[in-house]
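Chain residues, written in single-letter form:
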Amino acid sequence: MISFSYFPYSLTPLGSLNANSKGEGNSGALFKISWNSENANLTGYADFHSWSQFGDATIQDQIKNIELGIKNPHFEQTIWLAHRDALARSQKRSLFQHPVQIRSNYLVSDADNFELATLGDLKQAGFKTLKLKVGRNFKSEIAAMNEAASAGLRLRLDFNASSTLPLFLNYLNQLEPLILDQIEYIEDPFPFDLKDWQEARKFAKIALDNEYDKVPWADLTKAPCDVLILKPAKLNIQNTMEIASRWNLKVAVTNYMDHPVGTAHALSVAMELRKQYRDMILDGGFLTQHLYKADLFSEQLTVRNSELFPAAGLGIGFDQLLETLPWLQIKSP
Ligand code: MG
């Protein structure tokens, strides 16, 4: 039998998070999931973070879904990650007991509210790559890109599908060669369209993130992108790796700009994949804690040399904090 408890939370952003959000709070719930049978009792934890502006179920809707036994791929990932955590906890091991190095890009979600002078500090702190959410204010984006490229930082740009092919090409046209040379890839330039994306690929490496579900994978004769963004919070890992292998794509694992519990899960999946797939797994994106007000969970994560270090404990960590949360039981169908 499987049973669910949850703890709702909200993360308070300190600025605008992307081209489609204007700084409003983001909510989610931590889930405590137990599998009880005659032979074993397992309990694990995972996050369900809701970007309702991108079509995720709200927490209230998700609780109803569970009560009614309605499945959806997003929550299936929460269950899968919680089960992975539960197995590790039952075997008294950490999911980080054999860590491998995996760096993070530094994320700037709002070029308008970013101190350019801090870019030098980033370099000093060991960062190699800056990820910039773009498509809002060209002038401040250019200033940030110029400064970063001059400092030798690689660039990952993310339009969150907010542009169009002509506007995107026009945007690229206005970038200096110094910046173009430093671009590692550009995420979701505009809503997915096979022909237009293949056109965009002629000018820059393109990464596929939120538009993933719109790709007719079974009908493709040519890859629609160069890089897949794999968010364990949302995507089935095995399916995604099969697609990446089939089309010879690189994979960047990232968190879902979610709760530190979700972020710890993403990091542990990334490490496991890097051990298995090596160079196919690019450096990731796990450092979004500074975009939100700090809390007891985020205070347990540390960053050194552009790497995220998880909390101590079994599974994904945070043992004491997770055990003492006031969990709310859900009536399963
Ligand atoms: Mg993205």
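Residues numbered from 1 in each chain as written. Predicted model: local features only at pLDDT ≥ 70, side-chain atom pairs only at ≥ 80, totals over all residues. Heavy atoms only, no water.

Chemist: Tell me what's going on with the overall build of the protein, and back it up with residues and numbers.
Modeler: A tally of regular secondary structure across the protein gives 10 helices and 14 strands. Here the C-alpha radius of gyration of the protein, 20 Å, is about what a compact globule of 333 residues would show, namely 20 Å. Projected onto its principal axes, the C-alpha coordinates of the protein cover approximately 65 × 45 × 35 Å. The burial tally for the protein puts 56% of its 333 residues in the buried class. Across the protein, the fraction of contacts at a sequence separation of at least 24, relative to all contacts at a separation of at least 6, is 69%. Accessible surface computed for the protein: about 15,200 Å², of which carbon and sulfur atoms make up 51%. Of the side chains in the protein, 33 bear a positive and 38 a negative charge, and the two mean positions are spaced by 4 Å. (Helix = DSSP H or I, 4+ residues; strand = E, 2+ residues; numbered from the N terminus. Rg over C-alpha atoms; globule rule 2.2 N^0.38 Å. Buried < 20%, exposed > 50% of the residue type's maximum accessible area, 1.4 Å probe, protein only. Contact = heavy atoms within 4.5 Å. Areas by Shrake-Rupley, 256 points an atom, 1.4 Å probe, with all protein chains shown as cover. Lys, Arg positive; Asp, Glu negative; His and termini not counted. Charge placed at Lys NZ, Arg CZ, Asp CG, Glu CD.)

Chemist: Before we move on, could you go through the coordination of the magnesium ion and cite the residues and values that matter?
Modeler: The protein atoms that coordinate the magnesium ion are Asp158 (OD), Glu187 (OE) and Asp209 (OD), at distances spanning 2.2 to 2.3 Å. Donor residues binding the magnesium ion come from one chain and are separated in sequence as D-x28-E-x21-D. A residue pair is termed long-range when its members are at least 10 positions apart, and Glu187 in strand E7 (residues 183-187) and Asp209 in the loop between strand E8 (206-208) and strand E9 (227-230) qualify at 22 residues. For the pair Glu187 and Asp209, one class covers both residues: buried. (Donors = N, O, S within 2.8 Å, 3.2 Å for Na, K, Ca; no water.)

Chemist: I'd love a proper account of helix H4 (residues 138-150), names of residues and values included.
Modeler: In an α-helix, one turn spans 3.6 residues; hence positions three or four apart end up facing the same way. Its 13 residues place the ends of H4 18 Å apart at the C-alpha level, agreeing with the 18 Å of an ideal helix rising 1.5 Å per residue. Along H4, the positions that sit buried rather than exposed are Ser140, Glu141, Ile142, Ala144, Met145, Ala148 and Ala149. (Expected span 1.5 Å × (residues − 1).)

Chemist: Could you give an account of the nonpolar core, naming the residues involved and the relevant values?
Modeler: One finds Phe31, Ile186, Leu208, Trp217, Leu228, Phe318 and Leu322 to be the most contacted residues of the largest nonpolar core, which totals 106 residues. No other element matches the eight residues that helix H9 (residues 260-277) contributes to this core. Per-domain counts for this core show at least three residues from each of domain 1 (2-94 + 318-330) and domain 2 (104-309). Filtering out sequence-adjacent residues up to four positions away, Ile186 remains in contact with Leu157, Phe159, Phe168, Leu172, Ala204, Lys205, Ile206 and Ala207. (Core = buried A, V, L, I, M, F, W, Y, C linked by side-chain atoms within 4.5 Å. Domains from an automatic or database assignment.)

Chemist: Account for the pattern of salt bridges, with residues named and values stated.
Modeler: In total, this model carries 13 salt bridges according to the counting rule given. If you follow the salt bridges from partner to partner, you end up with Lys131, Lys133, Asp158 and Glu187 in one network. (Salt bridge = Lys/Arg side-chain N within 4 Å of Asp/Glu carboxyl O.)

Chemist: Could you give an account of the sheet that holds strand E1 (residues 2-11), with specific residues and numbers?
Modeler: Taken in spatial order, the four strands make up an open sheet running E3-E2-E1-E14, and their pairing is antiparallel. Across the chains shown, the open sheet's two edge strands, defined by having one partner strand only, are strand E3 (41-50) and strand E14 (328-329). One ladder, built from 10 bridges, connects E1 with strand E2 (residues 26-36); its direction is antiparallel. Within the sheet, the bridge partner assigned to Phe4 lies in E2 and is Ile33. Sitting on the sheet, H9 touches E2 and E3, and the angle it makes with E3 is about 110°. (Pairing = 2+ DSSP bridges. Axes fitted to C-alpha atoms, helices over the stretch in contact; angles between N-to-C directions.)

Chemist: Could you give me a rundown of the domain arrangement of the protein, with the residues and numbers involved?
Modeler: Segmenting the protein into domains produces domain 1 (2-94 + 318-330) and domain 2 (104-309). Taken together, the 32 residues of domain 1 in the interface contact 35 residues of domain 2. Taken together, both faces of the contact between domain 1 and domain 2 bury some 2,800 Å²; the carbon and sulfur share is 64%. Across the salt bridge formed by Asp56 and Lys234, the nearest N and O atoms sit 2.5 Å from each other. (Buried area = accessible area lost by both parts, 1.4 Å probe.)

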